[in-house]
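Residues per chain are reported as follows:
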Amino acid sequence: QELVWAQGFGHADVGKQEAATPQTIYRIASITKLFTSTAILQLRDAQKLQLDDPITRHLPWFDIQHRYPDAPPITIRHLITHTSGLPREAAFPYWTTHQFPTRQQIREKLPEQETILPTETAWKYSNLAVTLAGEIVAAVSAQSYPDYVHAHILAPLGMDSTFVSTIDPDHPRLATGYGRRMPDGSREICPFTDSQAITPAANMATTVEDLARF
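This report concerns the structure included in the present document. (Residues numbered from 1 in each chain as written. Predicted model: local features only at pLDDT ≥ 70, side-chain atom pairs only at ≥ 80, totals over all residues. Heavy atoms only, no water.)

Details of helix α6 (residues 145–157)
Owing to its 3.6 residues per turn, the α-helix aligns residues three or four sequence positions apart on the same side.
Alright, step 1. The terminal C-alpha atoms of α6, which comprises 13 residues, lie 17 Å apart, in line with the 18 Å expected from a rise of 1.5 Å per residue.
Alright, step 2. Along its length, α6 reaches its greatest deviation from straightness, about 35°, at A151.
Alright, step 3. Those residues of α6 not exposed but buried are Y145, Y148, V149, I153 and L154.
Alright, step 4. Close packing links the buried residues of α6 with α1 (32–45), α5 (127–141) and α7 (199–202).
Alright, step 5. The N-terminus of α6 is capped by S144, whose side-chain oxygen sits 3.1 Å from the backbone nitrogen of D147.
Alright, step 6. In the stretch just after α6, G158 is the one whose phi turns positive, near 70°. (Helix = DSSP H or I, 4+ residues; strand = E, 2+ residues; numbered from the N terminus. Expected span 1.5 Å × (residues − 1). Bend = angle between axes of the 7 residues up to and from the residue. Buried < 20%, exposed > 50% of the residue type's maximum accessible area, 1.4 Å probe, protein only. Contact = heavy atoms within 4.5 Å. Polar contact = N/O pair within 3.5 Å; in protein donor to acceptor, adjacent residues only side chain to side chain.)

The structure is reproduced here in structure tokens:
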């Protein structure tokens, strides 16, 4: 499962007793998906794609085993609404190893994966699906995913404290992420990770102030 990256709730660092402020930066994990969907809709509005385009129209390399070959083609709409029938994750155990795959590694492993459900028959959360939506943003815009989000969403809104690519772990305003409670009553500190190719689904960092602008 995905890590809860920022559970300070009042403290940017509990151990150091540093108070959180509206300028404290938190890893926001799956809230990143909102920015990916926004980018897709911007490109739709610019008539560079349609939500019902098959994803192979923009990602010709997409290849996966279809457990339900008679199901409708997977479209962009399916990716951002979690109705694609795709697996929850790419073919790597990154939530336990904290080692995330590159874009090339995801491409190479996709043909070894298979769909889980027939397209648009049920809701199934999928980081893989939103990762592919981010790949479509890059393919259609001819920009990297981080560059597109920065230029078309963050910069126009003045979100100067928001990071798409992985933030420096030593950034002075970055909150410490905490997980489960340990036997001595302390909280486990969550490992710092770089989501690499899973960035469109899980990698951003931002502040309360910037999210209010969004």
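Digging into the nonpolar core
Alright, step 1. Ranked by internal contacts, the top residues of the largest apolar core, which has 42 residues, are F35, I40, F62, L79, L132 and I136.
Alright, step 2. Elements supplying a minimum of two residues to this core: α1, α2 (76–80), α3 (94–97), α5, α6 and α7.
Alright, step 3. Element by element, the count of residues in this core is highest for α5, at eight residues.
Alright, step 4. If we ignore the near neighbours within four places in the chain, the residues touching L132 are I55, L59, W61, F62, L79, L86 and L110. (Core = buried A, V, L, I, M, F, W, Y, C linked by side-chain atoms within 4.5 Å.)

So, a nonpolar patch on the surface
Alright, step 1. A grouping of I31, L34, L157 and F214 is seen on the molecular surface, where their side chains present a nonpolar patch of about 320 Å² in accessible area.
Alright, step 2. By the element assignment, F214 lies in the segment after α8 (208–213). (Patch = residues over 30% accessible without salt bridge, like charges linked within 9 Å, V, L, I, M, F, W, Y side chains within 5 Å. Areas by Shrake-Rupley, 256 points an atom, 1.4 Å probe, with all protein chains shown as cover. Salt bridge = Lys/Arg side-chain N within 4 Å of Asp/Glu carboxyl O.)

Quick notes on α5
Alright, step 1. Between the first and last C-alpha of α5 there are 21 Å, a value that for 15 residues agrees with the 21 Å anticipated at 1.5 Å per step.
Alright, step 2. One side-chain oxygen at the N-terminal end of α5 lies 3.4 Å from the backbone nitrogen of L128; it belongs to S126.
Alright, step 3. Looking one or two residues beyond α5, the residue adopting positive phi is A142, at roughly 60°.

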